[in-house]
Amino acid sequence: MYSLFRPLLFSLNPETAHSVSMASLEMASKLRITNALYPAVNNPVDLMGLTFPNRVGLSAGLDKNGDHIDALGSLGFGFIEVGTVTPRPQPGNPAPRIFRLPAANAIINRMGFNNYGVDHLVQNAKSRKFPGVLGINVGKNFDTPLENAAEDYIACIRAAYDHADYLTVNISSPNTPGLRDLQRGDDLAQLAQSLVTEVRKLDQQNNRQVPLTVKIAPDLERDEILTMADTLVAAGVDGVIATNTTLDKSAVVGMKHGQEQGGLSGTPVRDQSTLVIRTLSEHLQGAMPIIGVGGIETAEHAVEKIQAGADLVQVYTGFIYRGPAMISEIAKALPK
Ligand SMILES: Cc1cc2nc3c(=O)[nH]c(=O)nc-3n(C[C@H](O)[C@H](O)[C@H](O)COP(=O)(O)O)c2cc1C
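Residues numbered from 1 in each chain as written. Predicted model: local features only at pLDDT ≥ 70, side-chain atom pairs only at ≥ 80, totals over all residues. Heavy atoms only, no water.

Student: So, the overall build of the protein chain: which residues are in play, and what are the values?
Tutor: The secondary structure content of the protein chain amounts to 12 helices and 13 strands. Here the protein chain has a C-alpha radius of gyration of 18 Å; the compact-globule value for 336 residues is 20 Å, and the two agree. If you line up the protein chain on its principal axes, its C-alpha atoms span 50 × 45 × 40 Å. Here the protein chain holds 336 residues, and the buried ones make up 57% of them. (Helix = DSSP H or I, 4+ residues; strand = E, 2+ residues; numbered from the N terminus. Rg over C-alpha atoms; globule rule 2.2 N^0.38 Å. Buried < 20%, exposed > 50% of the residue type's maximum accessible area, 1.4 Å probe, protein only.)

Below, the structure is given as structure tokens:
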């Protein structure tokens, strides 16, 4: 089905194609077509105190405002991560800011956290009917100085807490200047500790337990990954999402759009992301669950991530190239 639509969608610029896809998806899900075509695979897994209907999730960035949770949920995802959302609305970078590289099954984006602000997303999350797990991914506004980043994350966490099944702290987008510096040293320890403290305070007040995960970059040295893992465990973070997009464009040199600024996703980030997962897993020895993301397009790619140590997987670019059929294909292939 999707293979019929793809040439039309790919003839449009990526942001228009996104709007057209989401409008069509909304219609198809309201008519219950997607539910019938893509029934969710029931292969439940308990992790971080949550029951995930299956191990396949939608990665952050596709539904930044949570405008399409139920429609996307009707495609059979076990979990959906919305955002990245910031405290205040912001327009993101000027267009063009997203580029397809079909020869590499890849995308380069420099969206820059375009979003309508956390309150808009929370309104959507409030009314969701999606029965799977909902993650809300939070970030900082581009004009908030790095030293005040924790305040932005805390503002988002407070606003989103009631309607999130889990929360993700995004410190790995390459498109917000300086953000990735938060992954290192004392900055990370302080940030992780203050955010965990905040969530545990909300947990007590609300008699719930909302897991907090941290999303990391693929562009880290082995030592940095190990230090980061220790810091996150020490702070009491509940899970790690590996990985975001890469700044390494060596795989797409000479291709059309290959030198665009931004983060590269899809096939070119697959092996690096798997390496980060394996490094984390060997070091963590089960101390914290890992959500594996980066270049997954087939069941085989997802199995690779699980074998490297991931407990769950997420997809983004592969989903753009392959369409919804990949979701159940992957969910069926992953272990119970
Ligand atoms: C257009 C685009 C926008 C993205 N926006 C976000 C975002 O807002 N927050 C985030 O944590 N990750 C974002 N990502 C990263 C993805 O969630 C994912 O981590 C990364 O693309 C690697 O997975 P993939 O190869 O399956 O795409 C974005 C990716 C793309 C392609």
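Let's pick the thread back up.
Student: Which residues make up the sheet that holds strand S11 (residues 263-266), and what are the values?
Tutor: Taken in spatial order, the 3 strands of this open sheet run S5-S6-S11, and their pairing is antiparallel. Both edges of this open sheet fall to strand S5 (98-101) and S11, since each of them pairs with a single strand only. On average, each strand axis in the sheet is inclined to that of its neighbour by 20°, with strand direction left out of account. Bridge count between S5 and strand S6 (residues 106-109): 4 bridges; the pairing is antiparallel. Looking at S6, one finds that Leu101 is bridged to Ala106. (Pairing = 2+ DSSP bridges. Axes fitted to C-alpha atoms, helices over the stretch in contact; angles between N-to-C directions.)

Student: Which residues make up the site of the ligand, and what are the values?
Tutor: If you check the shell around the ligand, you find 23 residues, and the closest are Ser59, Ala60, Thr84, Gly295 and Thr317. The separation between an oxygen atom of the ligand and a polar main-chain atom of Gly295 is 2.7 Å. Against a free-state accessible area of 610 Å², the protein chains account for coverage of 98% of the ligand. Looking at the shell around the ligand, the elements that each hand over two or more residues are strand S4 (79-85), S6 and S11. When its residues are assigned to classes, the shell around the ligand shows 6 nonpolar, 15 polar and 2 charged. (Near = heavy atom within 4 Å. Polar contact = N/O pair within 3.5 Å; in protein donor to acceptor, adjacent residues only side chain to side chain. Areas by Shrake-Rupley, 256 points an atom, 1.4 Å probe, with all protein chains shown as cover. Nonpolar A, V, L, I, M, F, W, Y, C, P; charged D, E, K, R; others polar.)

Student: Break down the packing of aromatic side chains for me, citing the residues and quoting the values.
Tutor: Applying the stated rule across the entire model yields 4 aromatic pairs. Here Phe10 and Tyr321 contribute two aromatic rings whose centre-to-centre distance is 5.4 Å and whose plane-to-plane angle is 80°, an arrangement assigned as edge-to-face. Of this pair, Phe10 sits in helix H1 (residues 2-11) while Tyr321 sits in helix H11 (residues 317-322); the two residues are 311 residues apart in sequence, bridging distant segments of the chain. Neither Phe10 nor Tyr321 differs from the other in exposure class; each is buried. Ring centres 5.5 Å apart and planes at 70° place the aromatic pair Phe77 and Phe319 in the edge-to-face group. (Phe/Tyr/Trp six-rings, centres within 6.5 Å; stacked < 30°, edge-to-face > 60°.)

Student: Which residues make up the sheet that holds strand S13 (residues 312-315), and what values go with them?
Tutor: Strands belonging to one sheet form pairs held by backbone hydrogen bonds; the direction of such a pair is parallel or antiparallel. Ordered by their spatial adjacency, 8 strands build a closed barrel running S3-S4-S7-S8-S9-S10-S12-S13, and the pairing between neighbours is parallel. Strand-to-strand twist of the sheet, defined as the mean angle between neighbouring strand axes without regard to direction, takes the value 25°. The sheet contact formed by strand S3 (residues 56-58) and S13 spans 3 bridges and is parallel. Bridge pairing in S13 places Gly57 opposite Gln314. Packed on one face of the sheet, helix H5 (residues 118-126) meets S4 and strand S7 (133-138) and runs near 160° to S4. (Contact = heavy atoms within 4.5 Å.)

Student: Which residues make up the nonpolar core, and what are the values?
Tutor: Among the nonpolar cores identified, the biggest contains 76 residues, and Ile136, Tyr153, Leu167, Leu280 and Phe319 are the most heavily contacted of them. For this core, the element with the most residues is helix H7 (residues 185-206), which contributes 7 residues. Residues within four places of Leu280 in sequence aside, it is in contact with Ile216, Ile225, Ala229, Val240, Ala242 and Ile290. Counting 12 residues, the second-largest nonpolar core is a separate cluster that includes Leu47, Phe52, Ile241 and Val293. (Core = buried A, V, L, I, M, F, W, Y, C linked by side-chain atoms within 4.5 Å.)

Student: Describe the packing of H7 against helix H8 (residues 222-235), naming the residues involved and giving the relevant values.
Tutor: Their axes nearest at 9 Å, the elements H7 and H8 cross at an angle of 30°. When the axis of H7 is compared with that of H8, the two are roughly parallel. As for how H7 packs across H8, the hand of that crossing is right-handed. Two secondary-structure elements touch here, H7 through Leu188, Ala189, Ala192, Gln193 and Val196 and H8 through Met228, Thr231, Leu232 and Ala235. Here the contact of H7 with H8 is composed, by residue class, of 7 nonpolar, 2 polar and no charged. (Parallel < 35°, antiparallel > 145°, perpendicular 65-115°, else oblique. Left-handed = near helix turned anticlockwise from the far one by under 90°.)

Student: Would you mind going over the environment of Ile277 in detail, with residue names and values included?
Tutor: Of note, Ile277 is situated in helix H9 (residues 270-284). Residue class for Ile277 comes out buried when judged on its relative accessible area of 0%. With 136 residues separating them along the chain, Ile277 and Asn141 place their C-alpha atoms 28 Å apart. Setting aside anything within four residues of it in sequence, one finds Ile277 in contact with Ala242, Ile290, Gly292, Val293, Lys305, Ala308, Gly309 and Ala310.

Student: Describe the side chain of Asn170, listing the residues and the values that go with them.
Tutor: Structurally, Asn170 is set in strand S8 (residues 166-170). A distance of 3.4 Å separates the side chain of Asn170 from the side chain of Asn244, its partner in a polar contact. If we ignore the near neighbours within four places in the chain, the residues touching Asn170 are Thr84, Phe113, Asn137, Val138, Tyr153, Leu179, Lys215 and Asn244.

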